[in-house]
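Analysis of the macromolecular model
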Amino acid sequence: MSTIAISNQKGGVGKSTIAVHLALHLSEQNKKVLFIDLDPQANATKTLKKIATPLNFFASDLFKKLDFKIDNPEIINVIEADSLMADVERYDSNVLVDFKENIKKLNEIYDYCIIDTPPTLGLRMTGALITSNYVLSPIELEEYSIDGIKKMLQTIFGVKEKWNPNLNFLGMLPNRFNPRSTAQKETLKTLIENYSHLLIPAPIGIRSSIPESLSLGLPVWNLKKTAARVAGQEFKKAFKILDTTMKENNNV
Ligand SMILES: Nc1ncnc2c1ncn2[C@@H]1O[C@H](COP(=O)(O)OP(=O)(O)O)[C@@H](O)[C@H]1O
Ligand SMILES: [Mg+2]
């Protein structure tokens, strides 16, 4: 019923990490979740393949007319990233019509579709933004990141205005936050001053238990380690805010 794009034009900010955790969080509430990996790095696919069932077609197939039937959706299914996706960027933008149609059909089967996007503004990111009803943007708070954030917000609100009025911005989720960094604290302060209404007030700290949990195919809150507990709590705090926003929105 809901499609959530995880998007930011910057790489390495935690899109795939947060997308996977969000999918696992929703699946724990017994929602049927489809994860669509449009990132050719395929980090999310690698993690999710350990626990989720892949569908019998690939992400690049979504940009074509596609005949599929999914009789038994699992708690989590994944449409894997594949190498042919690089070619999608050379297709005519008309393929977005097929993409949109395919996502619409998948939406009828699952409670949530989570789309992990590549960091470049091309057909795949545009496709994700024009078909989703929510977009979440993980951000990092390094010095000089404000310019990138402005560009990202322009893209999202530009797509909303021109192509997809149903797109709701869930907000910017600060990730890899280091409370000891003066530069990061300054950036956070600037963001609160300028964009507090677009900021999710639940930063996720930089913690080694996060990549460790992903390499095991687990959400960090299921990693049996004291160091993982805080990270798990931070994710849950942020996701609770998203749950509330989406619930309020869906009831409107
Ligand atoms: N909060 C965090 N703490 C520590 N490492 C993180 C955190 N978030 C992401 N990472 C790591 O940073 C790298 C980039 O994250 P990733 O989710 O792949 O970013 P993106 O998808 O935006 O390129 C990965 O190795 C990931 O495990
Ligand atoms: Mg990624």
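Because the structure is predicted, anything quoted here is derived from the model rather than measured.

Time to look at the overall build of the chain. Assigned secondary structure in the chain consists of nine helices and seven strands. Its C-alpha radius of gyration of 17 Å places the chain within 12% of the 18 Å reference for a compact globule of 252 residues. With the C-alpha coordinates aligned to their principal axes, the bounding extent of the chain is approximately 50 × 40 × 40 Å. Out of the 252 residues belonging to the chain, those deemed buried represent 43%. Of the contacts formed within the chain by residues at least 6 apart in sequence, a portion of 78% connects residues at least 24 apart.

Strand order in the open sheet formed by seven strands is S3-S4-S2-S5-S1-S6-S7, and the pairing between neighbours is parallel. Two strands lie at the open edges of the sheet, namely strand S3 (53-54) and strand S7 (168-174), each paired on one side alone. Alignment of strand S6 (residues 134-139) against S7, held across six bridges, turns out to be parallel. Across the sheet, the residue bridging to Tyr134 is Asn168, located in S7. Its contacts with the sheet place helix H1 (residues 15-28) against strand S1 (2-6), strand S2 (33-37), strand S4 (76-79), strand S5 (112-116), S6 and S7, and it is angled at close to 170 degrees to S5.

Turning our eyes to something else, we now look at the site of ligand 1. Around ligand 1 there are 16 residues in total, and Gly14, Lys15, Ser16, Thr17 and Pro211 lie nearest to it. Sorting the residues of the shell around ligand 1 by element identifies H1 and helix H8 (209-215) as the ones contributing at least two each. The class makeup of the residues in the shell around ligand 1 is six nonpolar, seven polar and three charged.

Moving on, we come to the nonpolar core. By size, the foremost hydrophobic cluster in this structure holds 67 residues, and its most contacted members are Ala23, Val33, Phe35, Ile36, Cys113 and Ile114. If one sorts the elements of this core by residue count, H1 sits on top with seven residues.

This part covers unusual backbone geometry. For Ala42, which is not glycine, the phi torsion reads 60 degrees and is therefore positive. Here Ala42 shows up in the loop between S2 and helix H2 (43-48). The phi angle at Arg176 is positive, at roughly 55 degrees, despite the residue not being glycine.

What follows covers the environment of Leu62. Considering the arrangement of structural elements, one finds Leu62 in the loop between S3 and S4. Residue class for Leu62 comes out buried when judged on the 26 C-beta atoms lying within 10 Å of it. Each C-alpha atom of the pair Leu62 and Asp147 lies 32 Å from the other, and the pair is 85 residues apart in sequence. With residues near it in sequence (within four places) discarded, Leu62 still touches Ile79, Phe99 and Asn102.

Mapped onto the secondary structure, Phe169 falls in strand S7. Overall, Phe169 belongs to the partly exposed group, with 16 C-beta atoms counted inside 10 Å. C-alpha separation for the pair Phe169 and Pro179, spaced 10 residues apart in sequence, amounts to 26 Å.

The next thing to look at is the pairing of S4. Neither face of S4 is exposed, since Ile76 and Val78 on one face and Asn77 and Ile79 on the opposite face are all buried. Two elements, S2 and S4, share four bridges in a ladder whose sense is parallel. Note on S4: the bridge partner recorded for Val33 is Ile76. The pairing of S3 with S4 spans two bridges and is parallel. Within S4, the position partnered with Pro54 by the bridge is Val78.

In this section: helix H6 (residues 145-162). Here H6 spans 26 Å end to end across 18 residues, near enough to the 26 Å set by a 1.5 Å rise per residue. Among all positions in H6, only Ser145, Ile149, Met152, Ile156 and Val159 are buried. Viewed end-on, H6 has its buried residues packed into an arc of 100 degrees, placing them on one side of the element. Residues Asp147, Lys150, Gln154, Gly158, Glu161 and Lys162 are exposed on H6 and point more than 90 degrees away from its buried face. In the core, the buried residues of H6 are packed alongside helix H5 (123-131), S6, S7 and helix H7 (182-195).

The rules behind the values
Per chain, the residues get numbers from 1 upward, laid out in the order the sequence is written. To label them, take the chains in the order written and letter them from A, then take the ligands in the order written and number them from 1. Thresholds applied to this predicted model are a pLDDT of at least 70 for local features of residues and 80 or more for the giving and counting of side-chain atom pairs; totals over whole chains, interfaces and linings are not thresholded and use all residues. Only DSSP runs of H or I with at least four residues qualify as helices, and only runs of E with at least two residues qualify as strands; both kinds are numbered from the N terminus onward. Each radius of gyration reported is based on C-alpha atoms, and the globular scaling rule is 2.2 Å times the count of residues to the power 0.38. In this scheme every C-beta is placed from the backbone, and a residue whose C-beta has 20 or more other C-beta atoms within 10 Å is buried, one with 12 or fewer is exposed, and one in between is partly exposed. Placing a C-beta atom from the backbone of each residue, one calls two residues in contact when those atoms lie within 7 Å. Paired strands are those between which DSSP finds at least two bridges. Axis definition: a line fitted to C-alpha atoms, limited for helices to the stretch in contact. Angles are taken between N-to-C directions and run from 0 to 180 degrees. We count a residue as near a molecule or strand when its backbone-placed C-beta atom lies within 6 Å of that partner. In the scheme used here, Gly and all other residues not listed as nonpolar or charged are polar, with Ala, Val, Leu, Ile, Met, Phe, Trp, Tyr, Cys and Pro taken as nonpolar and Asp, Glu, Lys and Arg as charged. For our purposes the nonpolar core covers buried Ala, Val, Leu, Ile, Met, Phe, Trp, Tyr and Cys residues that link as a set through C-beta atoms within 7 Å. Multiplying one less than the number of residues by 1.5 Å gives the expected span of a helix. This arc is taken over the directions from the axis of the helix to the C-beta atoms.

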